[in-house]
Amino acid sequence: MYPEDLKYLNTHQWIKVEGAIGKVGITWYGQEQLGEILLVELPKVGEEITHKKTFATVESSKTAFEVPSPVSGKVIEINTQLEEDPSLVNKDPYGNGWMTKVEISHPQEIDSLLNAEEYKKLVEE
Amino acid sequence: MSVVLDSEKKDRCCCVLDMGLFDYAEAYKLQIKLTRLRLSHQISDILILLEHPSVFTIGRHHREENILVSHQLLRRKGVKVCPTDRGGDVTYHGPGQVVCYPIIEVRNHCRRLTDYVNKLEEVIISVLKDFEIKGERKVGQPGVWAEEEKIASIGVAVKDFRVAYHGFSLNVNPDISYFEMINPCGIKNLRITSLARALGRNIKMRDVKEKIINYFAEIFGAKMRKTGPNLACEVNHLSLRLPNYRDRYFKGFRALPFLTIAKKRWGPVDRPVLPLKPIF
């Protein structure tokens, strides 16, 4: 539920940093809050996204949830599987439910994110 | 009355803002500002109640074919089409329909964000019950139905997985013919009804609003606080300004005893005689 190799935003998003690239998604707890996801709207490749600002929207029944980004940078890849099967975010939030890959522009932002221990504490309090 | 309430009271406190008849686009800008203030804990939860001048609003993933008449005709009838960032497809708002925008920290009231819409439906069903109308849910279709006809619509957005905005609309006695120009909520041949239609008599908007406030308090466990010039002042202190403030002010706040006194002393007044700067 709280993979150790990820960093977390307190609004329930995760990022896996691999060099200069970050893979971003919603945490298990985050998707549980949303209920069954029916639609995922992702940014376009090449778009600039900003730390803590909305980069994607997920819709469940009549509710649109704005998803903030853990880091700033340029979107280099998006998970097109989510167009066909948005429920991947619910079923496999850390695996096939990943949302975007970002070329990180401000690596210092990663230090401000929570590690697995801190995120677990936040969720369980 | 201080703007920043202490945390315990703040969590359960909800200010009611009755805006009367208010333009959709302006109300949306107000919602965004209030949502940001709520996110940064500068204000308590807010419950906005109002009616809109006739407008069709379209959600993020609407389909164009769900507006059945030409934009030309809509222009001639003076009906705007406003895109929005809420969930759902197209819907109509107009006079006679009460629109409710709770700006609330959802996790203070619901275990999961996804329960929020359920609770809004519960508020609507309780209000209808008071009028002896049986409100029903339909699986997979948010909103409330009365005898297979839709009487209330819901469309919500949540920012940062925390604060919800947009909300629901309940038909009291709107002009139902506007709904025939669209596939409401993206559903073809959807029949729409209202309280007045279901009961065969006129219903006072004021009564419906009171019930919404009371049931919201009960179901969300909130301590409601009706606003007056004080909240307007607090909101002004945080640099919120709305256009045509005088019209809004008088339509929004009904009880103005000091205005009556002013009239008696100095004859008719065309501007408020208040110690506070009118805001909206």
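See the structure above.
This is a predicted model, so every value here is computed, not measured. (Residues numbered from 1 in each chain as written. Chains lettered and ligands numbered in written order. Predicted model: local features only at pLDDT ≥ 70, side-chain atom pairs only at ≥ 80, totals over all residues. Heavy atoms only, no water.)

Peer 1: What am I meant to see in helix 5 (residues 116-124) of chain A here?
Peer 2: Helical geometry note: an α-helix holds 3.6 residues per turn, so side chains three or four residues apart project in the same direction. Residues and elements named next belong to chain A. If you check which residues of helix 5 are buried, you get Ala116, Tyr119 and Val123. Looking straight down helix 5, one finds that the buried residues subtend no more than 65° of arc, so they occupy a single side. Exposed side of helix 5, more than 90 degrees from the buried face: Glu117 and Lys121 are the residues found there. Against the buried residues of helix 5 lie strand 1 (7-9) and helix 1 (28-34). Backbone nitrogen of glutamate 117 and a side-chain oxygen of the N-cap are separated by 3.1 Å at the start of helix 5; the cap is asparagine 115. (Buried < 20%, exposed > 50% of the residue type's maximum accessible area, 1.4 Å probe, protein only. Helix = DSSP H or I, 4+ residues; strand = E, 2+ residues; numbered from the N terminus. Arc of directions from axis to C-beta. Contact = heavy atoms within 4.5 Å. Polar contact = N/O pair within 3.5 Å; in protein donor to acceptor, adjacent residues only side chain to side chain.)

Peer 1: Looking at this model, I keep getting lost on the nonpolar core. Mind explaining?
Peer 2: Nonpolar side chains tend to gather and get buried jointly when the protein is soluble and globular. Within the largest apolar cluster, 66 residues are counted, with the highest numbers of intra-cluster contacts made by Val58(A), Tyr116(B), Leu170(B), Leu195(B), Val208(B) and Phe220(B). Counting 23 residues, the second-largest nonpolar core is a separate cluster that includes Cys15(B), Leu17(B), Leu37(B) and Val163(B). (Core = buried A, V, L, I, M, F, W, Y, C linked by side-chain atoms within 4.5 Å.)

Peer 1: Just to check I follow, could you spell out unusual backbone geometry for this structure?
Peer 2: Negative phi values dominate among residues other than glycine, just as trans dominates among peptide bonds. Residue and element names in this part refer to chain B. Even without glycine at this site, glutamate 147 takes up a positive phi of about 50°. Along the polypeptide, glutamate 147 turns up in the loop between strand 8 (141-146) and strand 9 (149-159). The exposure class assigned to glutamate 147 is exposed, which follows from its relative accessible area of 69%. In this structure, histidine 166 is a non-glycine residue whose phi angle is positive, near 55°. Histidine 166 sits in the buried class, given a relative accessible area of 2%.

Peer 1: Looking at this model, I keep getting lost on the pairing of strand 9 of chain B. Mind explaining?
Peer 2: Residues in a regular strand point their side chains to alternate faces of the sheet. All names here are of chain B. The buried count for strand 9 comes to 10 of 11 residues, which makes it a mostly enclosed element. One ladder, built from 3 bridges, connects strand 8 with strand 9; its direction is antiparallel. Residue alanine 146 lies in a different strand from strand 9, and its bridge partner there is glutamate 149. Taking the residues between adjacent antiparallel strands as the criterion, strand 8 and strand 9 are bridged by 2 residues, where glutamate 147 takes a positive phi near 50°. The pairing of strand 9 with strand 10 (residues 163-171) spans 8 bridges and is antiparallel. Residue pairing for strand 10: serine 153 is matched across the bridge by serine 169. (Pairing = 2+ DSSP bridges.)

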